[in-house]
Amino acid sequence: MIRVTVWNEYRHEKIDDRVRNIYPEGIHGAIAGFLGMHEDITVRTATLDEPECGLTQEVLDNTDVLIWWGHMAHHEVPEDVVVRVQESVLKGMGLVVLHSGHHSKIFKRLMGTSCNLSWRFEGTDGDMERLWVVAPDHPITQGIDRYFDLPGEEMYGEPFDIPEPDKLLFLGWYEGGEVFRSGCCWRRGRGKIFYFQPGHETCPTYHIHWVQTVITNGVRWAEPESRVAALECPNVKKPTPKF
């Protein structure tokens, strides 16, 4: 079983009826709902207002893949929680960062850059987005055709201030003509990281089959290959040769 924790700041759903109507159980509840339908995945959720943001060391030690959604309250995540998550990733825990999680403390810490981008959201539905598959042989893109369309999303545009991805999976194109690196993979330490751009809170993005497929594939790809203790830097004695 792949043990998944879905983390969500869970603020928009409490104050905005539009978001609450789309995600009555919260964005974390929607994601946990479709992931939990798979026999090889077990899911728990955690939110910002829980003690220690719901991400105690015990929770992280029992999490194979952490999914992160945040937007309006990045600054409220305590530094000790960020360090705890970072250390877990370096030891092998997978991390899937969604949409505006690009500005989360944990993503910026792991990337080492500002993670800034350009954006636009106009009207009530945003822009139509077409996500092109640029790595059809990658495990995360399996089950997806050459592209899929989202009827409305927040436009994220280049330049996107991130390190060069180890692998670019999706290129998003918007009706305004902008493009964006919408699906990117990296490794940090022993952990695998997948950033996936769609998921504005007032759009029903996480109810769309293709998005659910990508996130589910992302969880399976990010599953740890190994989990190790923190590496130290000991002063070791020279070994005695054995001939």
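The following paragraphs examine the structure supplied in this document. All values derive from a computational prediction rather than experimental measurement. (Residues numbered from 1 in each chain as written. Predicted model: local features only at pLDDT ≥ 70, side-chain atom pairs only at ≥ 80, totals over all residues. Heavy atoms only, no water.)

### Some points on the overall build of the protein chain
- Helix and strand counts for the protein chain come out as 7 helices and 11 strands.
- A globule of 243 residues ought to have a C-alpha radius of gyration of about 18 Å, and the protein chain, at 19 Å, matches this closely.
- Over its C-alpha atoms, taken along the principal directions, the protein chain stretches across nearly 75 × 40 × 35 Å.
- Looking at the protein chain alone, contacts between residues at least 24 apart form 72% of all its contacts between residues at least 6 apart.
- Surface exposure of the protein chain reaches about 11,500 Å², of which carbon and sulfur atoms provide 52%.
- Distance between charge centroids for the protein chain: 10 Å, based on 25 positive and 36 negative side chains. (Helix = DSSP H or I, 4+ residues; strand = E, 2+ residues; numbered from the N terminus. Rg over C-alpha atoms; globule rule 2.2 N^0.38 Å. Contact = heavy atoms within 4.5 Å. Areas by Shrake-Rupley, 256 points an atom, 1.4 Å probe, with all protein chains shown as cover. Lys, Arg positive; Asp, Glu negative; His and termini not counted. Charge placed at Lys NZ, Arg CZ, Asp CG, Glu CD.)

### Here's the deal with the nonpolar core
- Counting residues in hydrophobic clusters, the biggest one holds 36 residues, and the most contacted among them are Ile67 and Phe196.
- Each residue touching Ile67, except ones within four places of it in the same chain, is listed here: Val4, Thr5, Val6, Trp7, Ile31, Leu35, Val96, Leu98, Ile215 and Val219.
- Within the second largest apolar cluster, 34 residues are counted, among which are Val97, Ile106, Leu117 and Tyr156. (Core = buried A, V, L, I, M, F, W, Y, C linked by side-chain atoms within 4.5 Å. Buried < 20%, exposed > 50% of the residue type's maximum accessible area, 1.4 Å probe, protein only.)

### Some remarks on the pairing of strand E4 (residues 94-98)
- Burial within E4 is extensive, with 5 of its 5 residues counted as buried.
- Of the two faces of E4, the one carrying Gly94, Val96 and Leu98 and the one carrying Leu95 and Val97 are both buried.
- Where strand E3 (residues 65-69) meets E4, 5 bridges bridge the pair, whose relative direction is parallel. Bridge pairing in E4 links Trp69 to Leu98.
- This β-α-β element, E3 to helix H5 (residues 79-91) to E4, shows right-handed connectivity.
- When E4 meets strand E11 (residues 191-196), the two strands line up parallel, connected through 4 bridges. Counterpart to Leu98 in the pairing with E11 is Phe196. (Pairing = 2+ DSSP bridges. Right-handed = clockwise from strand over helix to strand, strands pointing away.)

### Side note on the packing of aromatic side chains
- Summed over the entire model, instances satisfying the criterion amount to 11 aromatic pairs.
- Judged by centre distance (4.8 Å) and plane angle (50 degrees), the ring pair of Trp132 and Tyr147 falls under tilted. On the criterion of sequence distance, the pair formed by Trp132 in strand E6 (residues 127-133) and Tyr147 in strand E7 (residues 147-153) is long-range, its members being 15 residues apart.
- Every member of this aromatic cluster is reached through a ring pair, and the members are Phe107, Tyr156, Phe160, Phe180, Trp186 and Tyr195. (Phe/Tyr/Trp six-rings, centres within 6.5 Å; stacked < 30°, edge-to-face > 60°.)

### Here we look at the pattern of salt bridges
- The tally for this structure, following the rule as stated, stands at 17 salt bridges.
- Between Arg181 and Glu158 there is a salt bridge; the shortest N-O distance is 2.9 Å. Remark: Glu158 occurs in the loop between strand E8 (155-157) and strand E9 (167-174) and Arg181 occurs in strand E10 (residues 179-188); sequence separation between them is 23 residues.
- Among the charged side chains, a network of salt bridges with common partners joins Arg11, Lys14, Asp49 and Glu76. (Salt bridge = Lys/Arg side-chain N within 4 Å of Asp/Glu carboxyl O.)

### Points about the side chain of Lys192
- In this fold, Lys192 is placed in strand E11.
- Relative accessible area serves as the criterion here: at 6%, Lys192 is assigned to the buried category.
- Polar contacts involving the side chain of Lys192 include one to the main-chain carbonyl oxygen of Glu223, which spans 3.4 Å. (Polar contact = N/O pair within 3.5 Å; in protein donor to acceptor, adjacent residues only side chain to side chain.)

### Quick notes on H5
- In this model H5 runs 18 Å from its N-terminal to its C-terminal C-alpha over 13 residues, within 8% of the 18 Å that 1.5 Å per residue would give.
- The complete set of buried residues in H5 reads Val81, Val82, Arg84, Val85, Gln86, Ser88 and Val89.
- Residue Gly92 follows H5 closely and has a positive phi angle near 135 degrees. (Expected span 1.5 Å × (residues − 1).)

### A word on the side chain of Glu201
- Among the structural elements, Glu201 can be located in the loop between E11 and helix H7 (209-222).
- Salt bridges are absent for the buried Glu201, whose nearest opposite-charge side chain, Arg18, sits at 6.4 Å.
- Among the polar contacts listed, one links the side chain of Glu201 to the side chain of His200, at a separation of 3.4 Å.
- With sequence-adjacent residues up to four places away left out, Glu201 is seen in contact with His12, Val19, Ile22, Tyr23, Ile27, Trp69 and His71.

Worth remembering: the numbers are spatial, not functional.
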